[in-house]
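Residue strings, one per chain:
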Amino acid sequence: MIDEKAFSSDLNRVFGENGLGGMLNLKRTEQFYRLTVRMLEENEKYNLTAITDISKIILNHYLDCAAFAKRLPKGASIIDIGCGAGFPSLPVAILRDDIRITAVDSTAKRVNYVKETAELLGLTHLEAIVMRAEEGAIKPEYREKFDIACARAVAEMRVLTELCLGYVKVGGKFMAMKGKNAEFELKDAKRAIAIMGGGDTATEEIKLTGFGETLTHPLITVTKRSKTPSGYPRVYAKISKKPL
Ligand code: SAM
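Asker: Before we go on, may I ask you to explain unusual backbone geometry in this structure?
Answerer: Working note: non-glycine residues mostly have negative phi, and peptide bonds are mostly trans. For the peptide bond that leads from Phe 87 to Pro 88, omega is 10°, which places it in the cis range. Tracing the sequence through the fold places Pro 88 in the loop between β1 (77-81) and α4 (89-95). Residue Pro 233 is bonded to the preceding Tyr 232 through a cis peptide linkage, with omega at -5°. Mapped onto the elements of the fold, Pro 233 is located in the loop between β7 (213-224) and α10 (236-241).

Shown next, in the form of structure tokens:
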């Protein structure tokens, strides 16, 4: 049982402390509460998240995704590759009703959870699809159709680049929400980025604080310069065994 009043007050305080308070209102606060209740209930049945402490859910999941959501251009279409339990898709959908979101994962159980949760919360601008990333990126209906492809905690940068860049329109962006080794991974992925049609890259160190903790999460942005050549992405066995 989660105390809704305490949850709402913590959520608003921590968002406020990080300059993100303006993104919340009563409706969105309630949606985050209902998301938390549902995620923890479903987590009892099958594995959705290893994080079950409310303060950690607020900091590591919601605040992290809110900082990402704030950086998205108005009206963008985004595809979230390897959405798992809906991160960043669900928080982005709660906080940005101007964004069209396609959430993709290879695991049907997680995708069904995301789909049902979006319906429950009235997030009609989010659709969830069971699909392998490397298979979707060669389908005409998805190839180079998105302003932004994003991924959080899915794979190392060389692999992620091959999985994601094929979805992005020329001039659009691939945004990777990364952990500690981001700079090293990015250096290693220069060749993959060039092959997949990527151009300029930028890394922003996003610093978030709450409940006495500080997180630093690098956000890598790759701008798509030219079309992805046919033949990419390759099949997953090749992507993972012989990264570009
Ligand atoms: N993005 C979520 C988050 O930040 O909590 C989930 C991260 S989870 C560690 C990685 C997810 O990526 C898993 O749900 C897995 O099924 C999915 N995944 C990994 N490789 C994939 C692929 N090639 N195509 C689709 N989904 C994939």
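Okay, back to it.
Asker: How should I be thinking about the sheet that holds β1 in this particular structure?
Answerer: The strands that make up a sheet pair up through hydrogen bonds in the backbone, lying either parallel or antiparallel. In spatial order, the strands read β3-β2-β1-β4-β5-β7-β6; together these seven strands make up an open sheet with mixed pairing. Of all the strands in the sheet, just β3 (126-130) and β6 (198-210) have a single pairing partner and so form its edges. Here the strands of the sheet are splayed against their neighbours by 20° on average, with no regard to which way each runs. Across eleven bridges, β6 lies against β7 in antiparallel orientation. Within the sheet, the bridge partner assigned to Glu 205 lies in β7 and is Pro 218. Contacts from helix α3 (residues 54-70) reach β4 (146-152), β5 (168-177), β6 and β7 within the one sheet, and its direction differs from that of β6 by about 140°.

Asker: I keep staring at the environment of Lys 56 and nothing clicks. Help me out?
Answerer: Note that Lys 56 resides in helix α3. The class for Lys 56 is partly exposed, based on a relative accessible area of 35%. In sequence terms Lys 56 and Ala 66 are ten residues apart; their C-alpha atoms lie 14 Å from each other. Lys 56 has contacts with Ile 51, His 61 and Glu 213, leaving out every residue within four places of it along the chain.

Asker: Whenever I open this one, the pairing of β7 confuses me. Can you help?
Answerer: Every regular strand shows the same layout, with side chains that alternate between the two sheet faces. Here β5 pairs with β7 via five bridges, running antiparallel. The residue bridging Ala 176 from the neighbouring strand is Ile 220, located in β7. Linking β6 back to β7 in an antiparallel pair, the connection comprises two residues, with Phe 211 at a positive phi of about 55°.

Asker: Whenever I open this one, the packing of aromatic side chains confuses me. Can you help?
Answerer: We describe a pair of aromatic rings using the distance from one ring centre to the other and the angle between the two ring planes. In this structure the tally under the stated criterion is five aromatic pairs. Taking NZ or CZ as reference, Arg 132 lies 4.9 Å from the ring centre of Tyr 236, over its face.

Asker: Honestly, the side chain of Glu 185 in this entry has me stumped. Any pointers?
Answerer: For Glu 185, the location among the structural elements is in helix α8 (residues 182-188). Residue classification places Glu 185 among the buried residues on the basis of a relative accessible area of 16%. Apart from residues no more than four positions distant in its own chain, Glu 185 is found in contact with Ala 155, Glu 156, Met 157 and Lys 178.

Asker: Is there a simple way to think about the layout of surface pockets in this case?
Answerer: Sizing a probe to match a water molecule and rolling it over the atoms shows the empty space that remains. A volume near 730 Å³ is recorded for the largest pocket. The wall of the largest pocket is formed by 37 residues, among which Gly 82, Gly 84, Arg 152, Ala 153 and Val 154 lie closest to the centre. Counting only elements with at least two residues in the lining of the largest pocket, the list comes to α3, β2 (100-105), α6 (133-136) and β7. Ranked by residue count, the leading element in the lining of the largest pocket is α3, at five residues. Here the lining of the largest pocket is composed, by residue class, of 21 nonpolar, nine polar and seven charged.

Asker: Would you mind showing me how to read the site of the ligand here?
Answerer: Near the ligand you find 16 residues, and of these Gly 82, Phe 87, Asp 105, Arg 110 and Arg 152 are the closest. Between the ligand and the protein, one listed contact pairs a nitrogen atom with a backbone N or O atom of Arg 152 at 2.8 Å. Taken by itself the ligand offers 600 Å² of open surface, and the protein chains cover 79% of this. Structurally, the ligand is housed in the largest pocket. Across the shell around the ligand, the residue classes tally to seven nonpolar, four polar and five charged.

Here is what the cut-offs are and how they apply
- Residues numbered from 1 in each chain as written.
- Predicted model: local features only at pLDDT ≥ 70, side-chain atom pairs only at ≥ 80, totals over all residues.
- Heavy atoms only, no water.
- Helix = DSSP H or I, 4+ residues; strand = E, 2+ residues; numbered from the N terminus.
- Pairing = 2+ DSSP bridges.
- Axes fitted to C-alpha atoms, helices over the stretch in contact; angles between N-to-C directions.
- Contact = heavy atoms within 4.5 Å.
- Buried < 20%, exposed > 50% of the residue type's maximum accessible area, 1.4 Å probe, protein only.
- Phe/Tyr/Trp six-rings, centres within 6.5 Å; stacked < 30°, edge-to-face > 60°.
- Lys NZ or Arg CZ within 6 Å of the ring centre and 35° of its normal.
- 1 Å grid on protein atoms, 1.4 Å probe; cavity = no way out; pocket = protein on both sides within 12 Å on 5 of 7 lines; lining within 4 Å.
- Points joined across faces, edges and corners; volume = space filled by probe spheres on them.
- Nonpolar A, V, L, I, M, F, W, Y, C, P; charged D, E, K, R; others polar.
- Near = heavy atom within 4 Å.
- Polar contact = N/O pair within 3.5 Å; in protein donor to acceptor, adjacent residues only side chain to side chain.
- Areas by Shrake-Rupley, 256 points an atom, 1.4 Å probe, with all protein chains shown as cover.
- Sits in = over half its atoms within 2 Å of the grid points.

Functional significance is not addressed by these values, which are geometric in nature.
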